[in-house]
Amino acid sequence: MLGAVSVALLVVLLETRGSEILNDAHIYRSFASDEIVPEVVDEAPDCWLRVSYKSGREAEGGNRLTPTQTRSIPSVTFNANDRSFYSLIMTDPDAPSRDDPKHREFVHWIVGNIQGNDLERADTIVEYFGAAPPKGTGLHRFVFLLYEHSERLDFANEPRLSRNCRNPRRYFSTKNFARKYGLTNLWAGNYFQALYDDYVPILQGQLSECTQTELTGPRNGTAFGG
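Residues numbered from 1 in each chain as written. Predicted model: local features only at pLDDT ≥ 70, side-chain atom pairs only at ≥ 80, totals over all residues. Heavy atoms only, no water.

Q: So what exactly am I meant to see when it comes to the overall build of the protein here?
A: Of the regular secondary structure elements, the protein holds five helices and nine strands. The order of α-helices and β-strands along the protein, N terminus first, is α-α-α-β-β-β-β-β-β-β-β-α-β-α. The proportion of buried residues among the 226 residues of the protein is 47%. Across the protein, every contact between residues at least 6 apart in sequence was considered, and the portion connecting residues at least 24 apart equals 76%. (Helix = DSSP H or I, 4+ residues; strand = E, 2+ residues; numbered from the N terminus. Buried < 20%, exposed > 50% of the residue type's maximum accessible area, 1.4 Å probe, protein only. Contact = heavy atoms within 4.5 Å.)

Q: Hey, could you run me through the side chain of D197 in this one?
A: Mapped onto the elements, D197 comes out in the loop between β9 (185-194) and α5 (200-206). No salt bridge forms around the buried D197; measuring N to O, its nearest opposite-charge neighbour R71 is 8.6 Å away. Among the polar contacts listed, one links the side chain of D197 to the backbone nitrogen of Y199, at a separation of 2.9 Å. Excluding anything up to four places from it in sequence, D197 contacts T66, P67 and T68. (Lys, Arg positive; Asp, Glu negative; His and termini not counted. Salt bridge = Lys/Arg side-chain N within 4 Å of Asp/Glu carboxyl O. Polar contact = N/O pair within 3.5 Å; in protein donor to acceptor, adjacent residues only side chain to side chain.)

Q: Which parts of the structure should I look at to understand the confidence of the model for the protein?
A: Averaged over all residues, the pLDDT of the protein is 87; the fraction at 70 or higher stands at 84%. Below pLDDT 50 for its whole length, residues 1-20 participates in four contacts with residues either more than four positions away or in separate chains. (pLDDT = per-residue confidence, 0-100.)

Q: Sorry if this is basic, but what is going on with the nonpolar core here?
A: If you look at soluble globular proteins, the nonpolar side chains tend to sit buried side by side. In this structure, F31, V41, I110, L145, Y147 and F177 are the most contacted members of the largest nonpolar core, which totals 29 residues. Secondary-structure elements contributing two or more residues to this core are α2 (27-33), α3 (36-39), β6 (106-114), β7 (123-126), β8 (140-149), α4 (174-180) and β9. Tallying contributions element by element places β8 first for this core, with three residues. The contact partners of V41, leaving out residues within four places of it in the chain, are F31, I36, L145, Y147, T174, K175 and L186. Core analysis: the second largest hydrophobic core is formed by 23 residues, A59, Y86, Y128 and A131 among them. (Core = buried A, V, L, I, M, F, W, Y, C linked by side-chain atoms within 4.5 Å.)

Q: For this particular structure, what's the right way to read the pairing of β9?
A: Both faces of the sheet carry side chains from a regular strand, because those side chains alternate between them. In terms of burial, β9 is largely enclosed, as eight of its ten residues are buried. Bridging between strand β3 (residues 63-65) and β9 involves three bridges; their strand directions are parallel. Note that in β9 the partner of N63 across the bridge is F192. Where β8 meets β9, nine bridges bridge the pair, whose relative direction is antiparallel. (Pairing = 2+ DSSP bridges.)

In structure tokens, the structure reads:
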């Protein structure tokens, strides 16, 4: 068994490793090396977004997680300005695969008008759907992007997609969505990568055609291509 000193040393090493991985100085290099810049955004954010799952795993700048580990809505934390609002996007640019991204992007989550770190009281536009890379399609990048804006935005004309709603999630464009709402300040970001595992068929089995109620907002082809 590990002694008390050994345990304490292990904790310090793990904390140090985590802080090194999420060192803000590395974010530009990470986003460029994994081609999130320019495929998803034109420029990297200035700092990392903390994304923590109930499984005990976190997004750490391109680390590998599994669909099983990322099945539930994560905790997202960041340094927020009291007078600002924030909007969050989670997207997969590798649909159906990174070699053949003909369905780029597949949007997994959009939450608008966040104040502080309170996502529960924010405006959920697209409900969270976990990582579900199809079998044999290799690694997918799952990218979290947080934009700061000074005023509350009006998302009334966007479709509200439930967790199980499928079609409009495809052909999403982060760049065009940001352009549509004047989201110019990319405040923070993060990402992980995932391969198929045995939980993917369960997730995919939950997807269905969207109801007419969910599609009452006009789908803007520059953002939701569905």
